[in-house]
Amino acid sequence: MKLSLCTISFRHQLISFGDIVRFAERHRFDGIELWGVHARQMYEREREEALAQLDVMRSAGLAVSMISDYIDMGGSADRQAALVKGSQLADMARWFGARRIRIFAGTKASMEMTAEERADCVRLIRELSERCADKGVELLVETHPGTLADTLASTIRLIHEVEHKSLGINLDFLHLWESGTDPVAAFRQLEPWVRHFHLKNISSADKLEVFLPQHVYAAGASRDGIVPLGEGAIDYAPILQRIADTEWFGSLEWFGHDPCRVLAAESAWVQSICGAAEHQTEPVR
């Protein structure tokens, strides 16, 4: 597994992309996942600076692992606007040298969707996948509550319904754990389609509401319950050991306070676990 940090971790701080690049290099990250808001700002308004930092990244062996954004797929959504945004995101990804963009599969829980709503969402994701394929980019749907990928069963069903080679999964272990699924078992079943991981933890299940959009995006909201990977309710050691030898990026998705300090420590901890796992699987010479 390759390790990346998310620029969304710095959404409430005044920090430049150059500073984030230097931080990532210093703490042995392999890449940076760009939040769509940040990617668009650089792509549209700060191109010269972004190009310079992308050169620095390439020289240091770093890559833009993914662009994570949102496309409106609700019942009243403008279908053409969604397709245009998907194409724009794919163009932006190529400009940054990223191979993948991440979206959510709708805005309603799978159990709450009517058959017609689900079919509409599936058709739109298929069309978005086709547009991404035309541009050499993969479209990843994230396992996330309140979407068609909110449970393991619905996620697998969605993959088969869309049936497109450019559609993949961004496996957020916490959110499938939240749905009652064992994270390692989830990876075992989704492995053929997984192309990226999101890594975060929670102190206990009764704190999960801290990740609701109205909390996690609010600068003054409580961060109670958000803890490092090794300190939460989810045992990440077996997860990391299982995915250590994959080729995909795993992003540390830290939404709490003091991101520089925490991400530095998290990088060291994750790499120690993955390094030990890889060493154990090496053949004896």
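Residues numbered from 1 in each chain as written. Predicted model: local features only at pLDDT ≥ 70, side-chain atom pairs only at ≥ 80, totals over all residues. Heavy atoms only, no water.

Visitor: Before we move on, could you go through the packing of helix 4 (residues 79-96) against helix 5 (residues 115-134) and cite the residues and values that matter?
Guide: Orientation of helix 4 relative to helix 5, taken along the N-to-C sense of each, is 30°, at an axis distance of 9 Å. Once helix 4 is placed against helix 5, the crossing between them reads as right-handed. Residue-level inspection shows Arg79, Gln80, Ala82, Leu83, Val84, Gly86, Ser87 and Ala90 of helix 4 in contact with helix 5, the latter providing Asp120, Arg123, Leu124, Glu127, Leu128, Arg131 and Cys132. Taken together, the residues of the contact of helix 4 with helix 5 break down into seven nonpolar, three polar and five charged. (Axes fitted to C-alpha atoms, helices over the stretch in contact; angles between N-to-C directions. Helix = DSSP H or I, 4+ residues; strand = E, 2+ residues; numbered from the N terminus. Left-handed = near helix turned anticlockwise from the far one by under 90°. Contact = heavy atoms within 4.5 Å. Nonpolar A, V, L, I, M, F, W, Y, C, P; charged D, E, K, R; others polar.)

Visitor: Describe empty space enclosed by the protein, with residues and values.
Guide: One pass over the full model with this rule turns up one cavity of 30 Å³ or more. Reported here for the largest cavity is a volume of approximately 50 Å³. Every residue along the wall of the largest cavity is listed here: Leu199, Lys200, Asn201, Val227, Pro228, Leu229, Leu252, Glu253, Trp254, Leu263 and Glu266. Of the residues that constitute the lining of the largest cavity, the class distribution is seven nonpolar, one polar and three charged. (1 Å grid on protein atoms, 1.4 Å probe; cavity = no way out; pocket = protein on both sides within 12 Å on 5 of 7 lines; lining within 4 Å. Points joined across faces, edges and corners; volume = space filled by probe spheres on them.)

Visitor: An account of the sheet that holds strand 4 (residues 100-103) is requested, with residue identities and associated values reported.
Guide: To summarise the sheet geometry, strands pair through backbone hydrogen bonds and adopt either a parallel or an antiparallel arrangement. Within the closed barrel, the eight strands sit side by side as 1-2-3-4-5-6-7-10. Their pairing is parallel. Across the sheet, the mean angle separating the axes of adjacent strands is 30° when strand polarity is ignored. Inspection of the sheet shows strand 1 (residues 2-6) paired to strand 2 (residues 31-35) by three bridges, in the parallel sense. Paired with cysteine 6 across the two strands is glutamate 33, which belongs to strand 2. (Pairing = 2+ DSSP bridges.)

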